[in-house]
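Secondary and tertiary structure notes
Read off the chains here:
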Amino acid sequence: MPRSFWYIQRDWLKSGSLNKEDVNMRKMHRIGCLSLIGVSFLLGVIGCYRHKPEDYPHLITTFLEMKEFDLLDVEKGRQFQLEGQDFMQICNINLKGKCINFEASDRRDPKIIDFLVSIGDTHYLKHRWIDGRITDPIWGVINTPTAVSVVCDADYDADHPKGTSLNDVMVLRFFDNIGFIKNDYQDAAKFAAFLRLDDPKGLQRLLASPPQWYLLLKTPPEAWNDQMVTFTLSVTMPLGTEVTRQIKIKFPIPILETTI
């Protein structure tokens, strides 16, 4: 690989003995260095002028209008203790739909502007910028489901035979961007949130969250050990369309870690 003239110049300076041709070449490289620095500085100024951090004072930079989803299995699941009860992560929910980022919307999309104002995301100035572009994009969903239902093809317990709703023993884990925003963008670790699926009004809490949620199940029964269980997740989208996906999960799921 050709060596950069920065390294060549460094070696010349270290050698301490340069012939006439080397001196002339060194002068040429100095001129080249100064020219490159000048061009880089000019491009930097132009980039900063085009997009300054204060031009985009919002945490969320990429917006998803959810229309469907996929279920993704996990090789190892996290176990969580909620109100003295154990819940196991059994799969991930990956949301899909129309995606808009702040560049594509040109920051003038009225739907995006109204959304950001409605959630109070108006004074975040901590993004990292390179050449006028944000390098740490933050995702958020701009709509939420109206209903979620989970069933499986095996008996969970006497109160939950196969095919009946498991919503009262299921929890969604998500990152609460709105809570983080309302806390003046401080203490992000506090806003890993949980939502019980038997609380239909709680689905509004998913607004502005990143488009990957984690589905947790209260302590799987021992009868499922060495069994393959099929879960069916049905989600009613904002416009009323119901999307259904299935996933087969082998129990027991290895535990990655336990979080209280």
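Here is a short report on the structure shown in this document. (Residues numbered from 1 in each chain as written. Predicted model: local features only at pLDDT ≥ 70, side-chain atom pairs only at ≥ 80, totals over all residues. Heavy atoms only, no water.)

1. Comments concerning the sheet that holds strand β12 (residues 242-250)
Applicable threshold: Any two strands with at least two DSSP-identified bridges between them are counted as paired. To qualify as a helix, a DSSP run of H or I must reach at least 4 residues; to qualify as a strand, a run of E must reach at least 2; elements of each kind are numbered from the N terminus. Here an axis means a line fitted to C-alpha atoms, over the contact stretch when the element is a helix, while the angle between two N-to-C directions is reported on a 0 to 180 degree scale.
Taken in spatial order, the three strands make up an open sheet running β7-β11-β12, and their pairing is antiparallel. On the outer flanks of this sheet lie β7 (147-152) and β12, each paired with one strand and no other. Averaged over all pairs of adjacent strands, the angle between strand axes in this sheet comes to 20°, irrespective of strand direction. Strand direction decides the pairing type here: strand β11 (residues 228-236) and β12, joined by nine bridges, are antiparallel. Bridging across to β12, Ser234 finds its partner in Thr244.

2. Observations regarding the pattern of salt bridges
Note the threshold: Here, a salt bridge means any Lys or Arg side-chain nitrogen found within 4 Å of an Asp or Glu carboxyl oxygen. Burial classes: relative accessible area under 20% of the type maximum marks a residue as buried, over 50% as exposed, and values in between as partly exposed (1.4 Å probe, protein chains only).
Under the counting rule described, the total for this entry stands at five salt bridges. Here Lys96 and Asp70 are joined by a salt bridge, their closest N and O atoms 3.3 Å apart. Of this pair, Lys96 sits in strand β3 (residues 85-101) while Asp70 sits in strand β1 (residues 62-73), placing them 26 residues apart in sequence. The exposure class assigned to Asp70 is partly exposed, which follows from its relative accessible area of 25%.

3. Structural notes on the nonpolar core
Our working rule: Residue types Ala, Val, Leu, Ile, Met, Phe, Trp, Tyr and Cys, when buried and joined through side-chain atoms within 4.5 Å, form a set referred to as a nonpolar core. In what follows, a contact means two residues having at least one pair of non-hydrogen atoms within 4.5 Å.
Counting residues in hydrophobic clusters, the biggest one holds 40 residues, and the most contacted among them are Phe69, Ile90, Ile93, Met170, Trp224 and Phe231. A per-element tally of this core places β3 first, with five residues. Those residues in contact with Met170 that lie beyond four places of it in its chain are Ile90, Val150, Leu195, Arg196, Leu197, Leu215, Leu216 and Leu217. Grouped together as the second largest cluster of nonpolar side chains are 21 residues, Tyr56, Ile60, Ile134 and Ile142 included.

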